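Chain by chain, the residues:
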Amino acid sequence: MSVPPYRVALVVIARDEAAHIARLLDSVGPWVDEMLVLDTGSRDATPALAAAHGARVEHFAWCDDFSAARNHALALAGADWHLVLDADEWLLDGGAVLQALRTQRPDFVGTLQLEDRFDDGSPRQARQQLSRVLPGAVRYAGLVHEQPQHQLPQRPLALRVAHDGYLPDRLIHKRGRNARLLQRELQRQPGDAYLWYQLGKDHAVYDEHEAAERAFERATALPHPAAGWWLDLVPRRLFALKQLKRYADGVQFAETQMTACAESPDFFFALGDLLLDFAADQPAQAEVLLPMIEGAWRRCLEIGERPDLPGAVVGRGSHLAAHNLALVLDLLGRAGEAGALRRAHGLSAP
């Protein structure tokens, strides 16, 4: 272990990322000692652009194993601290935090806030805390959705990173890749709930709701440790069940998760959405369901925003829940309450 100043390196694996690599490197370059880009077989100008924007470029023969590639890149970088990012990510804020790592002993794993950017007609963000600031000796395991292996304490760092890999053009490029690797990994580890959760997520991204629900159902039926990702799985499964119009199954599942998700606005938001579709499809049930819908979105507002929870979507603990709740109050003939709620959250009248 070297003595301060400790070296800080950005470590990236990339292939055919000419449209994005410069954005990443330019955002991080001023704050680190080195940038290592491991190219895994680009057919475009990714290597040349990476070099032109200050990175050391090395090459790796892709073998359908993300951990193998990441670990090779980490070994090549050989720094005291490694900031692990992907080419479709970029640093929004926290350069001074990266600089400060030069005087901090690498005896913990740092987490950063990743903000997923979507384009579904109404731009939104999902936030999650990810372990991406790693001491030099930490390595990954897993063919896909690989995870750093360590027994070190974790420390949240004031680093904000954006990710736009879920935009439509990016999804087309990646379609099928992760599912294939996950299915291969599940052949070896069919009892791994985390892998089934990740497979469900991958199907859900492409609106393959039947396949997503099958995977989520397998995940929820398997033993799993007290893992943060569970708080992301539950609302995702509720959404899949809503899309499949399996409302009663969704309600039954939600009832089993009330304790585990008691402080998750995303859970209650997804439950409110499912119940609203239930009421719309079965108007005879609306009288019973509307108070439950109101209660779900009120609970979102009581909890407030929880950006620290996995997969948290901005607004589900504030303006998005308030908007939906106000519409329900209008339906219930409580226009005064609806107006007061909209004013409190800076929302315009419908």
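**Some remarks on the packing of helix α7 (residues 193-205) against helix α8 (residues 209-221)**
Move 1: Relative orientation of the contacting elements α7 and α8 amounts to 165°, with a least axis distance of 8 Å. In this view, α7 runs roughly antiparallel relative to α8, as classed from their interaxial angle. The element α7 and its partner α8 pack so that their crossing is left-handed. On the side of α7, the interface is formed by Ala 193, Trp 196, Tyr 197, Leu 199, Gly 200, Lys 201, His 203 and Ala 204, while α8 contributes Ala 211, Ala 212, Ala 215, Phe 216, Arg 218 and Ala 219.

**Thoughts on empty space enclosed by the protein**
Move 1: Tallied over the entire structure, the rule returns two cavities of 30 Å³ or more.
Move 2: Its boundaries defined by the atoms lining it, the largest cavity holds a volume of some 60 Å³.
Move 3: Among the secondary structure elements, those contributing two or more residues to the lining of the largest cavity are α11 (265-281) and β11 (312-313).
Move 4: Grouping the constituent residues of the lining of the largest cavity by class yields five nonpolar, one polar and four charged.

**Remarks on the pairing of strand β2 (residues 34-39)**
Move 1: In terms of burial, β2 is a largely internal element, six of the six residues being buried.
Move 2: Neither face of β2 is open: one carries Glu 34, Leu 36 and Leu 38, the other Met 35, Val 37 and Asp 39, and all of them are buried.
Move 3: Each parallel crossover has a hand, and the one from strand β1 (residues 8-14) via helix α1 (residues 21-28) to β2 is right-handed.
Move 4: Pairing of β2 with strand β3 (residues 56-59) involves four bridges; the strand directions are parallel. Its bridge partner lying in β3, Leu 36 is registered against Arg 56.
Move 5: Where the polypeptide runs from β2 across helix α2 (residues 46-52) and back to β3, its parallel neighbour, the crossover connection is right-handed.

**Notes on the pairing of strand β6 (residues 109-117)**
Move 1: Here β6 lies mainly inside the structure; eight of its nine residues are buried.
Move 2: Sheet topology places β6 next to strand β10 (residues 154-163); seven bridges connect them, and they run parallel. In the strand pairing of β10, Glu 115 is matched with Ala 162.

**Concerning the packing of aromatic side chains**
Geometry of an aromatic ring pair is reported as the spacing of the ring centres plus the angle between the planes.
Move 1: Counting across every chain of the model gives nine aromatic pairs.
Move 2: Judged by centre distance (5.1 Å) and plane angle (15°), the ring pair of Tyr 247 and Phe 278 falls under stacked. One end of the pair, Tyr 247, is in helix α10 (residues 247-256); the other, Phe 278, is in helix α11, with 31 residues separating them in the sequence.
Move 3: Residue classification places Tyr 247 among the buried residues on the basis of a relative accessible area of 3%.
Move 4: Ring centres of Phe 267 and Phe 268 lie 4.8 Å apart, and the angle between their planes is 70°; this geometry places the pair in the edge-to-face category.
Move 5: Here the aromatic cluster, defined as three or more aromatic residues joined through ring pairs, consists of Tyr 194, Tyr 197, Trp 229 and Trp 230.
Move 6: Note that Arg 70 overlies the ring of Tyr 140, its terminal NZ or CZ placed 5.9 Å from the centroid.
Move 7: Over the ring of Phe 253 we find Arg 237, and its NZ or CZ is 4.5 Å from the ring centre.

**What about the pattern of salt bridges?**
Oppositely charged side chains can pair when the atoms bearing their charge come close.
Move 1: The tally for this structure, following the rule as stated, stands at 27 salt bridges.
Move 2: In this structure, Lys 245 engages Asp 281 in a salt bridge whose closest nitrogen and oxygen atoms are separated by 2.9 Å. Here Asp 281 lies in helix α11 and Lys 245 lies in the loop between α9 (230-243) and α10, a separation of 36 residues in the sequence.
Move 3: The exposure class assigned to Lys 245 is exposed, which follows from its relative accessible area of 53%.
Move 4: Note that Arg 298 and Glu 294 form a salt bridge whose closest N and O atoms lie 2.9 Å from each other.

**Here's the deal with the nonpolar core**
Move 1: Judged by nonpolar contacts, the single largest core of 70 residues is most densely connected at Leu 233, Val 234, Leu 238 and Ile 293.
Move 2: Looking at this core, the element that brings in the most residues is α11, giving nine residues.
Move 3: With residues near it in sequence (within four places) discarded, Leu 238 still touches Gly 250, Phe 253, Ala 254, Phe 267, Ala 270, Leu 271 and Leu 274.
Move 4: By size, the runner-up hydrophobic cluster in this structure holds 28 residues, among which are Leu 10, Val 37, Leu 98 and Leu 101.

Rules used throughout
- Residues numbered from 1 in each chain as written.
- Predicted model: local features only at pLDDT ≥ 70, side-chain atom pairs only at ≥ 80, totals over all residues.
- Heavy atoms only, no water.
- Axes fitted to C-alpha atoms, helices over the stretch in contact; angles between N-to-C directions.
- Helix = DSSP H or I, 4+ residues; strand = E, 2+ residues; numbered from the N terminus.
- Parallel < 35°, antiparallel > 145°, perpendicular 65-115°, else oblique.
- Left-handed = near helix turned anticlockwise from the far one by under 90°.
- Contact = heavy atoms within 4.5 Å.
- 1 Å grid on protein atoms, 1.4 Å probe; cavity = no way out; pocket = protein on both sides within 12 Å on 5 of 7 lines; lining within 4 Å.
- Points joined across faces, edges and corners; volume = space filled by probe spheres on them.
- Nonpolar A, V, L, I, M, F, W, Y, C, P; charged D, E, K, R; others polar.
- Buried < 20%, exposed > 50% of the residue type's maximum accessible area, 1.4 Å probe, protein only.
- Right-handed = clockwise from strand over helix to strand, strands pointing away.
- Pairing = 2+ DSSP bridges.
- Phe/Tyr/Trp six-rings, centres within 6.5 Å; stacked < 30°, edge-to-face > 60°.
- Lys NZ or Arg CZ within 6 Å of the ring centre and 35° of its normal.
- Salt bridge = Lys/Arg side-chain N within 4 Å of Asp/Glu carboxyl O.
- Core = buried A, V, L, I, M, F, W, Y, C linked by side-chain atoms within 4.5 Å.

The quantities given are spatial measurements derived from coordinates; they are silent on function.
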